[in-house]
Structure formats: structure tokens, C-alpha cells
Amino acid sequence: MGLFSFFKPPKPAGFDYHPRFFDPKKEEFQERLRRAREMSGGDPEAVKSRIRTNLQRKTGYLSDRQLRQQEVMKSNRRLLVIIVVLILLAFVAIEIYLPQIIQLLE
């Protein structure tokens, strides 16, 4: 039956909704407020939830690619500067102390 159909059944219409006044920062803030109100109690479950949230927030740093890339770039620049300074110090030390070392060996 599928091989000989002359008329194709109509496809369902797509639904594409973009809210006009959506503020992701405000939504995130309200969600954090709601969680903070839930965790403000002194019961053990609230304490566990608070600890879990803090741990997740700390590991979130590693999942943020842009922030991690910036930190890696800073670290690489710092390492490059240290290597250059060490090489310059080595050349200066060789320039100053090499004649004395050669004299001692002769």
C-alpha cells in the first residue's frame, strides 16, 4: 500500500514558540531563591542538599569551557615568561662566570 500511494498524508505543522519577555538571568535567580528557601531548614536533608549544590557549583568551573580556556591561556603565558626569564638568567650567568670556570679548569 505504501508503494502505490499517489497522495501523501499531510505532515503535522511545526510549533516554534519564542517567548517575548524571557530573562534567563531572572529565571536562574528565582530558581536559586527557591532552592535557598528549601535548604534553609536545619534538617539533615537540607544540609545534604546544600553540600551537594556547593560541590556541583565548584565542578561547574571545569565544565565552563570559555573560563577554563582563559585560565589555561594565562597559565601558558606565565609559564612562557618564566622560561624566558630563566634562559636570560642562564645566559647572563654563563657570560659572567664562564671565564672564571675556564681559568679554574686550566
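Residues numbered from 1 in each chain as written. Predicted model: local features only at pLDDT ≥ 70, side-chain atom pairs only at ≥ 80, totals over all residues. Heavy atoms only, no water.

Caption draft 1: Examining the overall build of the chain more closely. Assigned secondary structure in the chain consists of three helices and zero strands. Moving toward the C terminus, one meets the helices and strands of the chain in the order α-α-α. Looking at the chain as shown, the accessible area adds up to about 11100 Å², and 63% of this sits on carbon and sulfur atoms. (Helix = DSSP H or I, 4+ residues; strand = E, 2+ residues; numbered from the N terminus. Areas by Shrake-Rupley, 256 points an atom, 1.4 Å probe, with all protein chains shown as cover.)

Caption draft 2: Molecular detail of the pattern of salt bridges. Scanning the entire structure with this criterion turns up two salt bridges. Of the charged contacts in the structure, one is a salt bridge between E31 and R34, with a shortest N-O distance of 2.3 Å. Linking E31 with R34, this pair stays in helix α1 (residues 24–39), spanning three residues, or about one helical turn. Relative accessible area serves as the criterion here: at 30%, E31 is assigned to the partly exposed category. A residue is classified by how much of its surface remains accessible, and R34, at 38% relative accessible area, is partly exposed. Between K74 and E71 there is a salt bridge, with the nearest N and O atoms lying 4.0 Å from each other. With K74 and E71 both in helix α3 (residues 65–105) and three residues apart, the pair spans about one turn of that helix. Look at K74 and you get partly exposed, because its relative accessible area is 43%. (Salt bridge = Lys/Arg side-chain N within 4 Å of Asp/Glu carboxyl O. Buried < 20%, exposed > 50% of the residue type's maximum accessible area, 1.4 Å probe, protein only.)

Caption draft 3: The arrangement of α3 in detail. Compared with the 60 Å implied by 1.5 Å per residue over 41 residues, the 55 Å span of α3 between its first and last C-alpha is a close match. The largest bend along α3 measures about 45° and falls at Y97, with the proline P99 one to four residues further on. (Expected span 1.5 Å × (residues − 1). Bend = angle between axes of the 7 residues up to and from the residue.)

Without other data, these values stay purely geometric and don't point to any function.
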